[in-house]
Each structure stands twice: as C-alpha cells, then as structure tokens.
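Working through the structure, step by step
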Amino acid sequence: MIDLHLHTYYSDGTMSPEALVRLAKERGADTIAITDHDGMRGLAEGIEAGGIHGILVIPGVELSTEDDEKIYMHILGYGFDLNNTALNEEIEYIRQKRIERNEKLLSALNEIGCALTMEDLQLRDGQDYIGKPTFALALLRKGYVSSYGEAYAEGKFMRSEAVRRVHREKVSAEKAIGLIRGAGGVPVLAHPMKIARLLKSEEENFWDRLDEQLAKLKRLGLLGMECYYSSHTPEDTKRLVCLAEKYELIVTAGSDFHGTEYESGISIGGFYTDSKFDENTMAGQIQNGISEKMML
Ligand SMILES: [Zn+2]
Ligand SMILES: [Zn+2]
C-alpha cells in the first residue's frame, strides 16, 4: 500500500513522525510520504523511523499557494534536497508570516467571545507550528464547539466574519513549483477537488476551468496531480486520471491523514482506487524525481 500525503505534529497532524510511520506499517503501507504544511522539520525523523520499521519514507512538503487570479491551491513537493537553501529560506519566511497571522486570528476569535490564549494552541512542548486546524481543535478542547466540524460551521467561529478578515500572504504557485523543481523535487497539485474558487462555478464549468488551470500549471513546471484522494468519488477520480494523462502528469495518491484525533474518518491508504491504480509505477516515478524523460 502507498500513501503520499500524511501530516505529523510538525504541522497540524497529531502524531510524531515515528508514531505515524509505525501506524502506516501496521496498516500495511510499503511507501509513504510525510507532507507537512510549509515545513520539513519532521522529515529526518520520519526517514529514520522508516529505516527502523522497514518502510520507504519519501521526503515531502505541502505548500499553500495562490496564483495571479487569487486561486488558492496546495502544491505538494516530493523527493527534493532537504538542505536546499532557497527552499529552506522560503519556508522560514512563510513560518514568520504564519506567526503574525496567528496573532491576528487569536484576536479575531477573542473579539467574537472565544477566550483562547496562545497557551491553548500549544499541544506539546517544542511545537512551532500553529495552523487553522490547531485553532479548531483548541475551540473543541475548551468546549466552545462540540465537534471539530462545528468550528467550521458557516458564519461561525473559524468562518466568522472577524476570522475571515485575517489574511495570510501566500507564496505564488509559480514560485512554489520553481522552488521544488530547483531543489530537485517533483511538484504535484494536491486535492484538485478542493480548489474553492474553481468549484464556485457550475459543475461542468469546474472541469473546464480545472483543465485550463492544469495547462497553466504545466507550463510553470508542474509534474504531477493527486488523483486518488480520500474525499474523491469514483467519478472525480476517473476524470482526474484522464486529465493527468492529457497533461502527462504523474498520478499520485494520498489520504491527507492528520491523526485519529480529527475524527474525520480518514485513514492511512484510505482512498478509492480503480483498475488504473498502479502503486509501483507511482512510487518509482516520484522516487526517481525528475527523470530524464521529463527533462526533455
Ligand atoms: Zn492540502
Ligand atoms: Zn495535506
């Protein structure tokens, strides 16, 4: 089994890389990728744990990006050089911006009567990543909501007007793709069905717009697309695999598992697969990084 989209507590996941690798092994995975948001701190630990537990751990990252039309997308990067200076510098810059954003988010939640403090967002010693899901979990722990999902109810809490006013500067899709390629990695468009701005349009229109978007991303150097994903229906999957073939993109698979505390029903390797699903080819293509064929 393969799962190329997993989070640890180095971003908004709840497990250590070692615990995640152990669980993946128990669930029958041979190849996984750790893809924390805007950070690479868990990678060395995860790769080491992979060696101990006999499972291949591919280094990954998930960058939140925006393009020139303000289309918000997550770009996954795989198999890059962990010590690449440009990539590390950008990640440090994003981290600083996130810290500033979190202070504003906290004030916004205070403003609507949720008395959270920075301490409520610290889930463990040494934690240096706080994302929106961390706020949602804190709201749950403090009893402001009775389920994780309620924190994202329309017009409330994380979707209240005060919170919506807080914006974080995002790296451009062009820059993210360039940084990953520059570090010898493979950039992949994550969960295409979650690109909100494209989904706002009519359903058929969505597929046309995604097609255009892929043409653009391909020109920028995109090499893959996450076609198999925990929330994709068989129909979505089929259409996405066709689009990946059209643009000669590597087809990847990931669950986006964040840990069991989220009660999302997502499990490692938990995504629909069809007859075209070929985990060996997928693992090989990702592992080889930018192969000679793709350089042409
Ligand atoms: Zn994502
Ligand atoms: Zn993710």
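Since this is a predicted model, take the numbers as computed values, not measurements.

To continue, consider the overall build of the chain. Looking only at helices and strands, the chain features eleven helices and eight strands. For the chain, the C-alpha radius of gyration of 19 Å lies close to 19 Å, the compact-globule estimate for 296 residues. When its C-alpha atoms are laid out on the principal axes, the chain stretches across 55 × 50 × 40 Å. Residues classed as buried in the chain amount to 40% of the 296 residues present. Across the chain, every contact between residues at least 6 apart in sequence was considered, and the portion connecting residues at least 24 apart equals 74%.

Another aspect to go through is helix H2 (residues 43-53). Turning to H2, its buried residues are Leu-43, Gly-46, Ala-49 and Gly-50. All buried residues of H2 fall inside an arc of 125 degrees around its axis, so they share one side. The exposed residues of H2 that point more than 90 degrees off its buried face are Ala-44, Gly-51 and Ile-52. Phi turns positive one or two residues past the end of H2, at Gly-54, with a value near 70 degrees.

Let us look at the domain arrangement of the chain. Domain boundaries in the chain define domain 1 (2-92 + 173-295) and domain 2 (101-164). A C-alpha centroid distance of 26 Å is found between domain 1 and domain 2. Each partner contributes residues to the interface: domain 1 has eight residues there, and domain 2 has seven residues. Partitioning the side of domain 1 that touches domain 2 into residue classes produces three nonpolar, three polar and two charged.

Before going further, it helps to examine the pairing of strand E3 (residues 56-66). Within E3, eight of the eleven residues are buried, leaving the element largely enclosed by the surrounding structure. Note that strand E2 (residues 31-34) and E3 share four bridges and pair parallel. Residue pairing for E3: Ile-34 is matched across the bridge by Pro-59. Pairing analysis gives seven bridges linking E3 to strand E4 (residues 72-78), with the strands arranged antiparallel. Within E4, the position partnered with Glu-66 by the bridge is Tyr-72. Judged from the two bridges that link them, E3 and strand E5 (residues 171-172) form a sheet pairing that is parallel. Following the sheet pairing, Thr-65 is matched in E5 by Val-171.

So, about the environment of Asp-256. The residue Asp-256 is located in the loop between strand E8 (250-254) and helix H10 (279-287) in this model. Through-space distance from the C-alpha of Asp-256 to that of Gly-270 is 9.1 Å; in sequence the pair is 14 residues apart. The contacts of Asp-256, once residues within four sequence positions are left out, are His-5, His-191, Tyr-229, Ser-230 and Ile-266.

Attention now goes to the environment of Pro-133. Mapped onto the elements, Pro-133 comes out in helix H4 (residues 132-141). When the 20 C-beta atoms within 10 Å are taken as the criterion, Pro-133 is described as buried. In this structure, the C-alpha to C-alpha distance between Pro-133 and Ser-147, residues 14 residues apart in sequence, is 12 Å.

Within the largest apolar cluster, 62 residues are counted, with the highest numbers of intra-cluster contacts made by Ile-75, Tyr-78, Ala-176, Val-188, Leu-189, Met-225 and Ile-286. For this core, the element with the most residues is helix H6 (residues 173-182), which contributes five residues. If we ignore the near neighbours within four places in the chain, the residues touching Leu-189 are Met-73, Ile-75, Leu-217, Leu-222, Met-225 and Glu-226.

Relative orientation of the contacting elements helix H1 (residues 17-26) and H2 amounts to 40 degrees, with a least axis distance of 8 Å. It follows that H1 is oblique to H2 by the angle criterion. Crossing handedness for the pair H1 and H2: right-handed. From H1, Pro-17, Glu-18, Val-21, Arg-22 and Lys-25 reach across to H2, where they touch Glu-45, Gly-46, Ala-49, Gly-50 and His-53.

Cut-offs and rules
- Residues numbered from 1 in each chain as written.
- Chains lettered and ligands numbered in written order.
- Predicted model: local features only at pLDDT ≥ 70, side-chain atom pairs only at ≥ 80, totals over all residues.
- Helix = DSSP H or I, 4+ residues; strand = E, 2+ residues; numbered from the N terminus.
- Rg over C-alpha atoms; globule rule 2.2 N^0.38 Å.
- Buried ≥ 20, exposed ≤ 12 C-beta atoms within 10 Å, placed from the backbone.
- Contact = placed C-beta atoms within 7 Å.
- Arc of directions from axis to C-beta.
- Domains from an automatic or database assignment.
- Nonpolar A, V, L, I, M, F, W, Y, C, P; charged D, E, K, R; others polar.
- Pairing = 2+ DSSP bridges.
- Core = buried A, V, L, I, M, F, W, Y, C linked by C-beta atoms within 7 Å.
- Axes fitted to C-alpha atoms, helices over the stretch in contact; angles between N-to-C directions.
- Parallel < 35°, antiparallel > 145°, perpendicular 65-115°, else oblique.
- Left-handed = near helix turned anticlockwise from the far one by under 90°.

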